[in-house]
Amino acid sequence: MSEGTVRARAVVDTGAVARNCRLLKERAGEAELCAVVKANGYGHGAAPCAAAALRGGATRLAVAAAEEAAELRLHFPDVPLFVMGALTEEELGTALAADADVAVWREGFRELCSRLAADRGGPVPVHLKLDSGMGRLGERDPDALLDLARSCAADPHVEIAGVWTHFATADEPDDPFLAEQLAAFRPVADAVRELAPGCTVHAANSAATLRETCAHFDMVRCGIAIYGLDPFQRDPSEHGLEPALELHSYVADVKRFEPGASAGYGRTWRAPNETWVGVLPIGYGDGVRRGLSNNAEVLVGGRRHPVVGTVSMDNITIDLGSETGVEPGAPAVLIGRQGAGRILAEELAARLETINYEVTCGISQRVPREFEE
Ligand SMILES: Cc1ncc(COP(=O)(O)O)c(C=O)c1O
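Definitions and cut-offs
- Residues numbered from 1 in each chain as written.
- Predicted model: local features only at pLDDT ≥ 70, side-chain atom pairs only at ≥ 80, totals over all residues.
- Heavy atoms only, no water.
- Helix = DSSP H or I, 4+ residues; strand = E, 2+ residues; numbered from the N terminus.
- Expected span 1.5 Å × (residues − 1).
- Buried < 20%, exposed > 50% of the residue type's maximum accessible area, 1.4 Å probe, protein only.
- Arc of directions from axis to C-beta.
- Contact = heavy atoms within 4.5 Å.
- Polar contact = N/O pair within 3.5 Å; in protein donor to acceptor, adjacent residues only side chain to side chain.
- Patch = residues over 30% accessible without salt bridge, like charges linked within 9 Å, V, L, I, M, F, W, Y side chains within 5 Å.
- Areas by Shrake-Rupley, 256 points an atom, 1.4 Å probe, with all protein chains shown as cover.
- Salt bridge = Lys/Arg side-chain N within 4 Å of Asp/Glu carboxyl O.
- Lys, Arg positive; Asp, Glu negative; His and termini not counted.
- Charge placed at Lys NZ, Arg CZ, Asp CG, Glu CD.
- Near = heavy atom within 4 Å.
- Nonpolar A, V, L, I, M, F, W, Y, C, P; charged D, E, K, R; others polar.
- Axes fitted to C-alpha atoms, helices over the stretch in contact; angles between N-to-C directions.
- Parallel < 35°, antiparallel > 145°, perpendicular 65-115°, else oblique.
- Left-handed = near helix turned anticlockwise from the far one by under 90°.

*Asks:* I tried to follow helix α7 (residues 142-153) on my own but got confused; where do I start?
*Replies:* What sets the pattern is the α-helix's 3.6 residues per turn: residues three or four places apart point alike. The first and last C-alpha atoms of α7 sit 16 Å apart over twelve residues, in line with the 16 Å expected at 1.5 Å per residue. Regarding α7, the residues found buried are Leu145, Leu146, Leu148, Ala149 and Cys152. Viewed along the axis of α7, the buried residues span an arc of 155°, placing them on a single side of the element. Each element contacted by the buried residues of α7 is listed here: β5 (100-104), α6 (107-120), β6 (124-129), β7 (158-164) and α8 (177-195). With a side-chain oxygen lying 2.9 Å from the backbone nitrogen of Asp143, the N-terminal cap of α7 falls on Asp141.

Structure representation (structure tokens):
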């Protein structure tokens, strides 16, 4: 076993993040690129990925939570930050202390911003959010949002920095709903722009950025694609995206199994013939979901080997076959490349009937992130 081998590690290529951002920036044309680095950069590491995104042409960073903005501010004193999520009064205080822009869609929250502005010595930059069909955060009624826009415009303690919305089906290319959302958003954006000519109009996530030029407006908010993951759950290379994250482990032990011998809890797999089984010290405690029991492959020696038996908290077992040259200490790749082999997060997502977002966000804190360029 090589010195310094760790049981599980996520290797993140920040150069890939920068290149993905360059590509997205090109697709976005004149629009600014805001890199979405919430949830620890979709599990990739927020600050190193944010730095790479800025190198790749992003000019702003977006997060969901005030604490995430506070953390980023320590690393990036001058970069514009935007907190997209709902905030309690305390969280609003944290966001404003981090000098972040915030989302607003209710009069009560505008009043709160106005009140807290007194402590910061300048107006609070707010982005008016229209719920154009996502059915989540935002004001559904365009007239009510415009009333709020007027009250913001009349409030010296609040500055309209943006008007925005979020798409529900941008990742479904044949779905007509994005066009409906755009049709609802456009007149509201135009009206807000009349009240606040310098404000930033934004709507597109990664899928809309890649799919729909007329959704770009002044700024695109890209998350998943900056990490080289495909918003359409296909092969990211179809869009020229490079996956940034690899999930590595190693073969801690190799043992001979007689026919009928079982591996793991519940004995869900029994060796059909004589074979060799490799034990890898990575499991659901690291984010390798239990749904991958008897339902995934791992690269060892540049070849795919099936996961056999139940994924446990700290270990998985793989079938190395009846004749194997694999020795304890051999490197193993659960996501990423090894030799000619490649396993995408999208493949694991399909096996788990989920999306790539959940696969990388689910890699637990126990797994150290290593950054390479
Ligand atoms: C409001 C908002 N905008 C933008 C994004 C980025 O989306 P994506 O990761 O699909 O690019 C997200 C992510 O979920 C979001 O919640």
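*Asks:* Is there a simple way to explain a negative patch on the surface in this structure?
*Replies:* Together, Glu67, Glu71, Glu90 and Glu91 make up a region of like negative charge exposed at the surface. Only α4 (66-75) and α5 (89-97) provide two or more residues apiece to the negative patch.

*Asks:* Would you mind going over the site of the ligand with me for this structure?
*Replies:* As a matter of local geometry, the ligand sits amid 14 residues, with Lys38, Tyr42, Ser206, Ile224 and Tyr357 nearest to it. At a separation of 2.9 Å, a nitrogen atom of the ligand approaches a polar side-chain atom of Arg221. Contact with the protein chains hides 91% of the accessible area of the ligand, taken as 390 Å² for the molecule alone. Listing elements by their share of the shell around the ligand, those giving two or more residues are α2 (38-42) and β9 (219-222). Here the shell around the ligand is composed, by residue class, of seven nonpolar, four polar and three charged.

*Asks:* Whenever I open this one, the side chain of Arg73 confuses me. Can you help?
*Replies:* Along the polypeptide, Arg73 turns up in helix α4. Polar contacts involving the side chain of Arg73 include one to the main-chain carbonyl oxygen of Ala98, which spans 2.7 Å. Sequence-distant contacts of Arg73, defined by excluding residues within four places in its chain, comprise Asp78, Val79, Leu81, Ala98 and Asp99.

*Asks:* Would you mind going over the packing of α5 against α6 with me for this structure?
*Replies:* For any two helices packed against each other, one specifies the crossing angle of their axes together with the interaxial distance. Contact geometry for α5 and α6: axes closest at 11 Å, N-to-C directions at 45°. Considering their axes alone, α5 and α6 lie oblique with respect to each other. Read as a crossing pair, α5 and α6 show a hand that is right-handed. Of the residues in α6, those in contact with Glu89, Leu92, Gly93 and Leu96 of α5 are Phe109, Leu112, Cys113, Arg115, Leu116 and Arg120. The class makeup of the residues in the contact of α5 with α6 is six nonpolar, one polar and three charged.

*Asks:* What's the story with α5 in this structure? I'm lost.
*Replies:* Turning to α5, its buried residues number three or more, namely Leu92, Ala95 and Leu96. Down the axis of α5, the buried set is contained in an arc of 95°. They therefore lie on one face. Seen from the buried face of α5, the exposed residues on the opposite side, beyond 90 degrees, are Glu90 and Ala97. Looking at the buried residues of α5, the elements they touch are α4, β4 (81-83), β5, α6 and β6. A positive phi of about 60° marks Asp99, the residue just after α5.

*Asks:* Even after reading the chapter, I still don't get the environment of Phe82, so can you show me in this structure?
*Replies:* Looking at the element boundaries, Phe82 is found in strand β4. A sequence separation of 198 residues divides Phe82 from Leu280, and the C-alpha atoms of the two residues are 40 Å apart. Among all residues touching Phe82, those that are not within four sequence positions of it are Leu61, Ala62, Val63, Asp101, Val102, Ala103, His127, Trp164 and His202.

*Asks:* Just checking my understanding: could you explain the pattern of salt bridges for this structure?
*Replies:* Two side chains with opposite charge may pair up if their charged atoms get near one another. On inspection of all chains with the given rule, the structure shows 23 salt bridges. Asp286 is paired through a salt bridge with Arg7; the nearest N and O atoms lie 2.8 Å apart. Taken together, the residues Asp286 in the loop between β14 (275-280) and β15 (297-300) and Arg7 in the segment before β1 (9-13) connect sequence positions 279 residues apart. You can call Arg7 partly exposed: its relative accessible area is 26%. Residue Arg366 pairs with Asp314 through a salt bridge whose shortest N-O separation is 2.9 Å.

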